[in-house]
Each structure stands twice: as structure tokens, then as C-alpha cells.
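Coordinate inspection notes
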Amino acid sequence: MSGDDVAILGVGMHPWGKWGRDFTEYGMVAARAALADAGLAWTDIQHVAGAETIRNGYPGFVAGSTFAQKLGWTGVTVSSSYAACASGAQALQAARANILAGFCDVALVIGADTTPKGFFAPVGGERRDDPDWLRFHLLGATNPVYFALAARRRMDLWGATAEDFAMVKVKNARHGLANPNARYRKEVAIEEVVSSPIVSDPLRLLDICATSDGAAALVVTSADFARRHLGSLDGVARVRAVSTATPTYPQTFLELPDFATDSHAVVAPPALGFKASVVHRAYEEAGIGPDDVDLAEVYDLSTAMELDWYEHLGLCAVGGAEELLRSGATALGGRVPVNASGGLASFGEAIPAQAIAQVCELTWQVRGQASGRQVEGARVGVTANQGLFGHGSSVVVGI
Amino acid sequence: MSGDDVAILGVGMHPWGKWGRDFTEYGMVAARAALADAGLAWTDIQHVAGAETIRNGYPGFVAGSTFAQKLGWTGVTVSSSYAACASGAQALQAARANILAGFCDVALVIGADTTPKGFFAPVGGERRDDPDWLRFHLLGATNPVYFALAARRRMDLWGATAEDFAMVKVKNARHGLANPNARYRKEVAIEEVVSSPIVSDPLRLLDICATSDGAAALVVTSADFARRHLGSLDGVARVRAVSTATPTYPQTFLELPDFATDSHAVVAPPALGFKASVVHRAYEEAGIGPDDVDLAEVYDLSTAMELDWYEHLGLCAVGGAEELLRSGATALGGRVPVNASGGLASFGEAIPAQAIAQVCELTWQVRGQASGRQVEGARVGVTANQGLFGHGSSVVVGI
Amino acid sequence: MSDSGGDRAAATGPAEPAIDGWFTLGGPGADGGPRLIGSQCGACGTYAFPPRNGACPNPSCDSDTLEPVEFSATGTLWSFAENHYAPPPPYVAADPFEPYALAAVELEREGMVVLGQAARGVRAADLRVGMSMRLGVDVLFTDDDGVDRLIWVWEPVGGEGR
Amino acid sequence: MSDSGGDRAAATGPAEPAIDGWFTLGGPGADGGPRLIGSQCGACGTYAFPPRNGACPNPSCDSDTLEPVEFSATGTLWSFAENHYAPPPPYVAADPFEPYALAAVELEREGMVVLGQAARGVRAADLRVGMSMRLGVDVLFTDDDGVDRLIWVWEPVGGEGR
Ligand SMILES: [Zn+2]
Ligand SMILES: [Zn+2]
């Protein structure tokens, strides 16, 4: 374990679902599970890094302090981070930076959410300075519209079919069958996906992830603390990289919530597109490449988006994702299983918890504890995640 | 300069006022001013640490990425921090931790806000799980109510008078006269304060700070970068401490937005109250005590609250603030000037910018650039700031 | 919870608490007056208000068995304030607005300070830090269905009537 | 901006853009059709849409002198989608809701992709990535004052009428 790694001593989740309770209740369950997993008490924690939820009033904005208070004030330092769907990774990075800078040894990273039904709508009021409000008002450009634009390009450029997209759902549903934290635990057939109602053409209801309630938490520590606490670092999962890179001008792929891309008329586009660059930086920080990856947890907001990630992760060349999928390489038992957890397809999206949940899954996998969905011999995993407004994240977990 | 310090190479602000424009416009002015002050270009910045505003839609929640995009995507990492009125200090801490952990050398810290008129109201909708919503609904307990409760205790316990409170306003108004970034730049007489309308007894309109639009930004770097960039660290302001401690159970002083304090029936209260502990941790980290402080910038949401801070800062014993004020020690020319900038009394409150603006002022002061309000021989300054939900901050700046 | 209390305010129409489970309206039992309902941890004994559903606030205690408990009805005035402007919504302000006081009262047994409105007619000029205070109930506002919504209030012991 | 364009949609009552300053309605000058209004930086020449008030998006350029510029009226279809459920407010959906397509079109000179609704009657089945597209204007919704609010739309060159 390198001195630049932080150890993941504990992971915990509250099952994903649609319970309609206060988000802090889910978070408490996840936090206590992570503490128990680490063999530590709440009073051992020195920093709480909360991933914010913006749809639950003030307690959601101050997630770090909300959970510090709910677990009982101990004088810990706190941080509350927001980066849309990448919030959880930003919270992890806040904890990691505080640990590596020497400000604390033991931190709790936590994200929890209660989500509304249906499409995510923008913040209330008439907000004519807010592009997120305007894209709904002027175009009705919901989140699935952007997913659909990306999916359509796969079809028209690379020959993806509705059945390819459906196969992602079928695979992830099968992966999630045995995951006790997954919301949906039943097999899905290709025919069910391709006959489900169209939401935003070419994507159908079963191509698009639901919104869920859920929570995930990590206890992360300095290498020194982990060594003292456990006697040895053998078999301890660790964070080998966290990338939170933003785009480089010009960003030429149309992303949520923009009306237009940047212009490449004057400045040439960067060699790597935005999402590939997020992953690239994670690989670089961890000193690995795609061939070193045993499994990946990626943000499958839509089935087609999972295919995009294969390419951003370097698991195949651009345009090669469908072939990789069809080969079975990304299914459990394949060369590099993707979303062994079941992914968003089986969980639904609980925004501030999601990027943390990906790290929980990789931790269970590299420890060999992913019962019923274990990737044999998993030692290195990578996550990939996209948040609107130029956020993305990629985390490398190794053992 | 210790290896644990980060250097403040540039500071900048947009003047406080009530302009009603998009908050990003103010932030851009502040960011460019800080970059110019540092002699650096935007493309030299490796991390943007944004302090969030929660009243400006999505762009406010993702402040770090909003400004990274507005200045032009360069692939920098970003963070967006929320901690109510302490958000700016949390953003500074995010930048500092990333620098000291070795993730970047040069960071931009930025906070900007456009604020509504009148009392701050809670987030919209019926939010019966949100204590901030409930305190308005069930009690009409606005922010000034909490300020008034604290002020009344000063009167009934320590003999503070309305004239003492007014004297804080008179002092700070005088300090702010020559500050080009202050919103109010005129002398105020004690009679004006004590005859202004009562808002929440015992506090009157001129005892309570207004809400303002404004922005502040810092360019902070590693010591190594500063040395390379400037040739030497002589005369470079630096961050010697950032404290963001939360309360220790039981928190026995009634604070925003709570209905009740914690209980000390079973667990004895900590030796230091919450706000004193926030400052204490900053002193400890900087290796200094109150006697080493040449000036302080404190969060004078109300005139009476400035007096509380004198005691939390250890500038006098508990109950001694009125005497310290009357002695002139905290006025310009006194032993330890407080709010030489003019404070919130002259600026009004621009939530995410405020804690950053305090650091701007200390930087100008220790550099000897605080024209018209310079504290002679200032070498060490401290800030103190309170945010609801257990947030507070204290930053030590030295040269 | 919905018993009609003898000690209740000048409510004339139907009346309901403005929030469920935070206080009783009083009645024939005990000393008859209304009480705040807090929580007490079964494991460590500490108190909390508002009542909470699990999660003992004592950081050294990870108990989730918090029981509802009626708080002391009397205490000592910790501080007070008086609003001279109508608070913004979701407060339902009287029109025309009448200034009203708020009182924060320290309860000895519970070791905590609880904020509330002062009883109708009790103004800042009637109060001083350290006074003895007692819990009452009064009308907070009348809702759209004509139901008086009730809230706990603090009044000086032996002080002003309403 | 408020000129009535010859090329305009089936608006019958008074009509105004749904947002000011983002597009023209067209008219007798130039080639007559409507145009998107973007910004072009006076210093480095880069483009931006929506139009912005200062702050050149090119990170190597700190110019604040961005001038309004009419964008190319034609481009190449980058991708498209078709909504089968009514978007939530603040979108003002037709009742009953009719599925409609959205199109993202790449403009060669500007080097950028701009999203818009597809013209009325143009459906996903009519589109394929790489097609030539042209800007039009159509009614987005009719506001509470009976004013038709207009928006830019993309339609295939030589394609469906409306
Ligand atoms: Zn307990
Ligand atoms: Zn330019």
C-alpha cells in the first residue's frame, strides 16, 4: 500500500427502494453499517464528509453536519460537497484530501437521498438565469432526452440496436439478483425491454434507470491508522485514485444541461473527450491502465450509456462496445464484468449515494465478499460516474 | 513559512451592494481581481473551490464548476462546499487540503451571492422534516430572534446597554468609511442606532446586518509554488490555520435553527462552548494565542454578536466585552482592532462570500495595503464566523 | 394527544395541535397542564427535543430506543426576544400584525433550553432572564378549514393572564 | 427582434419569442429566415450559445467583449430524440400531449452543436444522423395573456412541411 493511498476500513449501505422516509434515516443505517464493518465507534471518527442532496431542504445541503449531529456532536470537522451525480466521489475526495494533508486520520463518507417520483424537475421558481430551468422550459429537454441523444448516436454511427441496449438491462438485472441492497431483483427478458413504453426515443422505460431512496457510507483512514488498527494492511481495500476532472475547452459532446456544445472553430478539441479524460486521470493517478482492471462499476443512467463507458474506460475501441457486450466479456464470468452489483438498472439512482455505493461494491468485490455476484480473483476495480455541469468521477479501488 | 501553510498569492472582491445581477458576474470580477493580484492567469489554476449559494438554482449548488466553466473549461478539478455562513471557509479548507495532500499547487477559492430582500426565509414547500422550515412555521423564529436571544443575555447577565450595541455599529461604520468594497460608507451616530425601529427586541434595525450581493476570491498555493513564482516567501501572506470544528455534545447554547439545546442532564457540557472551541482549534493549529493577534474580523450579524466574539476569541474574559469595547481597544488605533474592514455592519451579508472576504481583509492588512483602515504593524489576524447547523469557522492569516 | 385540555387557550372553534406529537394539551390527569413531549434514551437517559425517532443524540450511545417523555412544565427564563415585524411564510402572521415575544426556558431536570412563543399578552417588558416560567398552550393561527392550530407557549409563573 | 417574419409558424394571434435575444424571427433582409443569435468573442473569435454577457468561454482568452452574431441557419444532424411523455413544468405541455422530436444540429462555421425542438410534424422516424437541417421558428406554447410564445426549431432541408 502506497503512502498516497487511503484505506477503506468499512463500507455500508441502506437498501435502495422507494420508502419515502427521511433521508437521514437511511444515512444512519449506512453509517452504522460502515462503522461496524470497520470495527470502529462513531467517536473514533474525526471528519464527516457528506454528499449533499438538494431536494431535502437545509439538512440535505449541510449533509456532513446533519449526520454529525444525528450521530451525536463530537466536535469533528465536517464537509458537505455537491457535484450532482458525482457528489459522492467528491465527498470521498474531501475525506481523502483531509487525511493525506494530515488534518485527520479517520473519516466517514456518507450520502443518502429520498427522491421524488418521475422525471427530475428543476429547482422551483422562474429562474431565467439558470440553464437547468431553461432547458426544461424552452425545450422540454428532460434528462432522458440527453441520454437518448447519446443512444441514437450509437445506433446511427456504430450500428447499435434496441436489442443491444436491452441486453445491458438483461445482464445487469441478472447481476443484481443476489444483491441484498438492490431494489429490483428479478430477471428481465430482452422482449420485455424492447416492448416497454418509449420514454425518449430510442430509449424505453426499461432502458432508463429509476430514481430511488438509498444510502451508502465508507469509513476511510490513513495507512498508518489502518496499520495500527488492524495490525497489518494485508487484505485491506484502498483508494488508489479519485478523479474529478472537469472538461477541457472545447467540450464538443452535448451534455446535460447545455443548449449547445462549446465551439471548436478557434480552439481544437482535446485529444480525449471529457468522460474518457475523467477515467484517464484516475488510471494515471493509480498507475494502471484498462488491462489492469478486473471489474468496473459504471453509471448506467441508461443502458446505452453503459456502452459509452466501455469505450471511455478503454475496455474496447470507440465503436466497439456492442461487440464487447455481445461477446459476454462484461457479464459475470467474462473478462471484465461491468456492474456486477446490478448497476443503476437494479438499484435506481439515489444521487448523493450512488458514487459511494460504487466504491462499496468494489470494496466487497476485492475483499471477496460479494456473495452471489463475486468476480473471481478481483483485485482492482474502477468506477465511472457522470454528473451534469461538467462533473464526472472515477475511483480506483485495489487490494 | 511552515510547510503546513499555504500561501495567499492573490485576493479580490466585487464590491458589496444590492445590484440584483446574476451572482456569477460578481464572482468573475472577484476571480479576475484575485488572479491579477497573484500575477497568474486562469490557466495556471489547477483547482476551483467554490462556496455554494443555495438561492440561485443549480449554478449556485455547483459553484466550483460554474466558475470553472465561466472562466473557460481547462480540465481543473473542482469542489463545491456548503456550510451556511461558513461556506467560504470550508471552500478555503477544501483548497488547502488538496494543496497539502499534493493534489494541486494552485487553487482559486471563490464565493458570490445575489440575495433576496428582507428576512431570509426557508426553502420552499411544506417541509415538516426540516427544522429550518419548522422554526419559521411554528414560532416565527427568524434569524434576528436568535441574535436577540443572545443579545438579551448580554444585557441581563453582563449589563450591556443599547448604547453599547450601538457603539459597535458606530465603530464599524467608521472603519468602513474608506473601504472601497463596503456597501455603506457613512458615519452613524449612536442616537441613530438607538432610535431605529426595533426588529427583534432588544435589537434594532441598525443593530442587524443587511443582506447584500457580493463576491470574494483568493488564489492560494503551496509554499513551493509561491517560492518559485515570487522568488522568495518574504512578505507573502499565508493561511496558518482553518478551523471548522462542530459542537461537542451537549451544545448548551441555543443556536440557529434549533428549537432546543442539547441536554446536559447526563453528559456534562464541554469546558469550551462551541464558538470558543472553533477559535481555540484555530489558535492551536497556528500555534498562537489571543495575545498574538493584531486584529480580528468577526461575523457581526448583530452588533451584540460582535461582543460575544470578543470573548470567544479570548480578547477578554466572559462578561468583559462591553468594557473592552468602551476602552476603545477594538477600534482602529486600539490594541486589537475588530472589523477594521467595517464588518457586516458596513458590508451586509453575502453568505458564500463572507468568510472569504474576511480572509481578503486580513491579507490586505498584513501586507499593509488596507488603505484608510490599516492596522499599524499588523502581522497576524484571525477571523471568526458562524453558520447555522453547527457550522463555524476561524481562519488565522499571518505574514 | 387530542384530549381537550381544561387549561387550554381561548380557542372557540375546533382546535388541533399545529404539529403532532410535540406537546400535550393537558387535561384532568397529573397536574392538569399541558406538557412538551420530548424523547428520553432508554440506554443512557439523555433527553432530546423535538422528539426523535431513534438515534440517541449522545455520541457515546448508539441506542435507537428513545421513548416519549413528558418534560417539566416549569423552568427558568434563559432569554427572550420580541418580534416587531411579521415573520415570512411559512409563519402565518396575524393581520394586522401584533408584536409578540418569544421565550427560551431552561428546564432543570432535562438540562436543556426550549424555545417557544410567549403567552398572548406577555411582552418583553414583562420578562427578565432568570424568571420562573410555566408551559401553556395557545392558538398559533386558524387554518384554511377554520381549525385553530395550537402551539405551546411560555408564561411567567403567577404572571399575566391571557 | 420583434419583426414579424415571413417564414414564421402557424401563429395566428399576437406572438413573441419565448426568450429574448436568443434568436431572430427572420424577415425581408438577408436570406429571410430566422437565425439563432450567439456570441462571438472580439478577441479570439470563438463562438458561444446561448449568447453571453462577457466572459469569453475560451480559457486562454479573458476578453469581455463578446458581440451578438447570427449563426448559420443550416447544419448537420448530430443526434435526435423524441419525447413520448410530457416533460414536467416549467415546460408548458400541450393537453393532450403529442410526442415531439428534438434535434441537435452541428453548425460547421461555428464548430458547435445546438439543441432545439424539431419542427412540428417532424418525427424521429423522419430523421437520421448526418442529415442536412435548417432553422425555423414555431409556437412553443400560448401564455396566459393569449400570446403565442415562439421558439427556434430544426427541420430537414427540403423535408416535411408543417
Ligand atoms: Zn443514549
Ligand atoms: Zn475570446
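These lines cover the structure that appears in this document, whether it is placed above or below.

Details of the overall build of chain A
Regarding its fold elements, chain A presents 14 helices and eleven strands. Against the compact-globule benchmark of 21 Å for 399 residues, chain A has a radius of gyration of 20 Å, which places it among compact chains. If one aligns the C-alpha atoms of chain A with their principal axes, the spans along those axes are about 55 × 50 × 45 Å. Among the 399 residues that make up chain A, the fraction classed as buried is 69%. Relative to all contacts within chain A whose residues are 6 or more apart in sequence, the contacts with residues 24 or more apart total 74%. Approximately 11400 Å² of chain A is accessible, and the part contributed by carbon and sulfur atoms is 51%. Side-chain charges in chain A split into 31 positive and 42 negative, and the spacing between the mean points of these groups amounts to 4 Å.

Here we look at the pairing of strand S7 (residues 112-118) of chain D
Residue and element names in this part refer to chain D. Counted residue by residue, S7 has seven buried out of seven residues, so it is predominantly covered. Where strand S6 (residues 100-107) lies against S7, six bridges are found, and the strand directions are antiparallel. Bridge pairing in S7 links Leu-107 to Met-112. In this sheet, strand S9 (residues 148-156) lies alongside S7 in parallel orientation, the contact comprising two bridges. Paired with Gln-117 across the strands is Val-153, a residue of S9.

Comments concerning the interface of chain A and chain B
Each partner contributes to the interface: chain A provides 52 residues, whereas chain B provides 51 residues. Our enumeration of links across chain A and chain B arrives at zero salt bridges. Secondary structure elements with two or more residues in the side of chain A that touches chain B: helix H2 (57-61), helix H3 (63-71), strand S3 (77-81), helix H4 (87-100), helix H5 (131-139) and helix H10 (274-286) of chain A. In terms of residue count, the dominant contributor to the side of chain A that touches chain B is H4 of chain A (six residues).

Examining the packing of aromatic side chains
Across all of its chains, the model carries 35 aromatic pairs over all chains by this definition. Consider the rings of Tyr-82 of chain A and Phe-61 of chain B, whose centres lie 6.1 Å apart with planes at 70°: the pair is edge-to-face. In this pair, Tyr-82 of chain A sits in the loop between S3 and H4 while Phe-61 of chain B sits in helix H2 (residues 57-61), so the two residues belong to two different chains. With respect to burial, Tyr-82 of chain A and Phe-61 of chain B carry one shared label: buried. When the centroid spacing of 5.7 Å and the interplanar angle of 15° are considered together, the rings of Tyr-91 of chain C and Tyr-100 of chain C count as stacked. Taken together, the aromatic side chains of Tyr-58, Phe-61, Tyr-82 and Phe-389 of chain A together with Tyr-58, Phe-61, Tyr-82 and Phe-389 of chain B make up a single cluster linked through ring pairs. Looking at Lys-275 of chain A, its charged tip hangs above the ring of Trp-309 of chain A, at a distance of 5.6 Å from the centre.

Observations concerning the relation of the copies chain A and chain B
Least-squares fitting of chain A to chain B yields an RMSD of 0.0 Å, with the superposition described by an axial translation of 0.0 Å and a rotation of 180°. The two molecules are tied by a two-fold rotation axis, judged by turn and shift. Ranked by how close their C-alpha atoms come to the rotation axis, the residues of chain A are headed by Ala-101 of chain A, at 2.1 Å. Taken as a fraction of all interface residues of chain A, those also at the interface in chain B reach 98%, which identifies the copy contact as same-surface.

Quick word on the environment of Gln-93 of chain A
Within the secondary structure layout, Gln-93 of chain A lies in helix H4. By relative accessible area, which is 8% here, Gln-93 of chain A ends up buried. Leaving out residues up to four positions away in the same chain, Gln-93 of chain A has contacts with Val-242 of chain A together with Asn-98 and Phe-103 of chain B.

Let's talk about a nonpolar patch on the surface
Residue and element names in this part refer to chain A. Among the surface-exposed residues, Leu-157, Trp-158 and Val-318 lie close enough to one another that they form a single nonpolar patch of about 290 Å² accessible area. Note that Trp-158 resides in helix H6 (residues 143-158). You can call Trp-158 partly exposed: its relative accessible area is 38%.

Overview of the sheet that holds strand S3 (residues 47-48) of chain C
All names here are of chain C. Here three strands make up an open sheet; going across it, the order is S3-S2-S4 and the pairing antiparallel. The open sheet is flanked by S3 and strand S4 (66-70), the only strands paired with a single partner. Sheet analysis places strand S2 (residues 37-41) next to S3, joined by two bridges and oriented antiparallel. Looking at S3, one finds that Gln-40 is bridged to Tyr-47.

A closer look at H3 of chain A
Given 3.6 residues to a turn, an α-helix orients residues that are three or four positions apart in the same direction. The element H3 of chain A is largely enclosed, with a buried count of eight among its nine residues. Here H3 of chain A has its buried residues at Ala-63, Gly-64, Ser-65, Thr-66, Phe-67, Ala-68, Lys-70 and Leu-71 of chain A. Those residues of H3 of chain A that are buried are in contact with helix H1 (23-38), strand S2 (47-51), H2, S3 and strand S4 (106-113) of chain A together with strand S11 (391-398) of chain B. Count one or two residues on from H3 of chain A and you reach Gly-72 of chain A, which has phi positive near 110°.

Regarding the coordination of the zinc ion (ligand 1)
All names here are of chain C. Within the protein, the atoms that donate to the zinc ion (ligand 1) are Cys-41 (SG), Cys-44 (SG), Cys-56 (SG) and Cys-61 (SG), at distances of 2.3 to 2.4 Å. Between the four donor atoms coordinating the zinc ion (ligand 1), the angles at the centre fall across 100 to 117°, so the site counts as tetrahedral. One chain supplies every donor to the zinc ion (ligand 1), and in sequence these donors are spaced C-x2-C-x11-C-x4-C. Across the pair, exposure class does not vary: Cys-56 and Cys-61 are buried alike.

Overview of the pattern of salt bridges
Residues and elements named next belong to chain B. Counting across every chain of the model gives 45 salt bridges over all chains. Asp-37 is the partner of Arg-367 in a salt bridge, and the nearest nitrogen-oxygen pair spans 2.9 Å. Note that Arg-367 is positioned in helix H14 (residues 351-367) and Asp-37 in helix H1 (residues 23-38), a separation of 330 residues in sequence.

Thoughts on the interface of chain B and chain C
Every contact between the two is made by 40 residues of chain B and, on the other side, 46 residues of chain C. When chain B packs against chain C, the two sides together hide about 3500 Å² of surface, and 66% of this comes from carbon and sulfur. Considering only the surface of chain B that becomes buried against chain C, Leu-138, Leu-139 and Tyr-249 of chain B emerge as the three largest contributors, covering 18% of it. At the surface where chain B touches chain C, the tally comes to zero salt bridges. Our count for the chain B to chain C interface comes out at 17 residue pairs in polar contact (both at pLDDT 80 or more). Looking at which element gives the most residues to the side of chain B that touches chain C, the answer is helix H6 (residues 143-158) of chain B, with eight residues.

Examining the packing of helix H7 (residues 162-176) of chain A against helix H11 (residues 303-312) of chain A
Residues and elements named next belong to chain A. Between H7 and H11, the shortest axis-to-axis distance is 7 Å and the interhelical angle comes to 90°. Taken together, the axis directions place H7 and H11 in an arrangement best described as roughly perpendicular. Across from Phe-165, Val-168, Lys-169, Lys-171 and Asn-172 in H7, the residues of H11 making contact are Thr-303, Ala-304, Glu-306, Leu-307 and Tyr-310. Here the contact of H7 with H11 is built from residues that sort into five nonpolar, two polar and three charged.

How each quantity is defined
- Residues numbered from 1 in each chain as written.
- Chains lettered and ligands numbered in written order.
- Predicted model: local features only at pLDDT ≥ 70, side-chain atom pairs only at ≥ 80, totals over all residues.
- Heavy atoms only, no water.
- Helix = DSSP H or I, 4+ residues; strand = E, 2+ residues; numbered from the N terminus.
- Rg over C-alpha atoms; globule rule 2.2 N^0.38 Å.
- Buried < 20%, exposed > 50% of the residue type's maximum accessible area, 1.4 Å probe, protein only.
- Contact = heavy atoms within 4.5 Å.
- Areas by Shrake-Rupley, 256 points an atom, 1.4 Å probe, with all protein chains shown as cover.
- Lys, Arg positive; Asp, Glu negative; His and termini not counted.
- Charge placed at Lys NZ, Arg CZ, Asp CG, Glu CD.
- Pairing = 2+ DSSP bridges.
- Salt bridge = Lys/Arg side-chain N within 4 Å of Asp/Glu carboxyl O.
- Phe/Tyr/Trp six-rings, centres within 6.5 Å; stacked < 30°, edge-to-face > 60°.
- Lys NZ or Arg CZ within 6 Å of the ring centre and 35° of its normal.
- Least-squares fit on C-alpha atoms with pLDDT ≥ 70 in both.
- Patch = residues over 30% accessible without salt bridge, like charges linked within 9 Å, V, L, I, M, F, W, Y side chains within 5 Å.
- Donors = N, O, S within 2.8 Å, 3.2 Å for Na, K, Ca; no water.
- Tetrahedral: all angles 85-135°; square planar, octahedral: opposite > 155°, others 65-115°.
- Buried area = accessible area lost by both parts, 1.4 Å probe.
- Polar contact = N/O pair within 3.5 Å; in protein donor to acceptor, adjacent residues only side chain to side chain.
- Axes fitted to C-alpha atoms, helices over the stretch in contact; angles between N-to-C directions.
- Parallel < 35°, antiparallel > 145°, perpendicular 65-115°, else oblique.
- Nonpolar A, V, L, I, M, F, W, Y, C, P; charged D, E, K, R; others polar.

Function-wise, these values are silent; they only describe arrangement.
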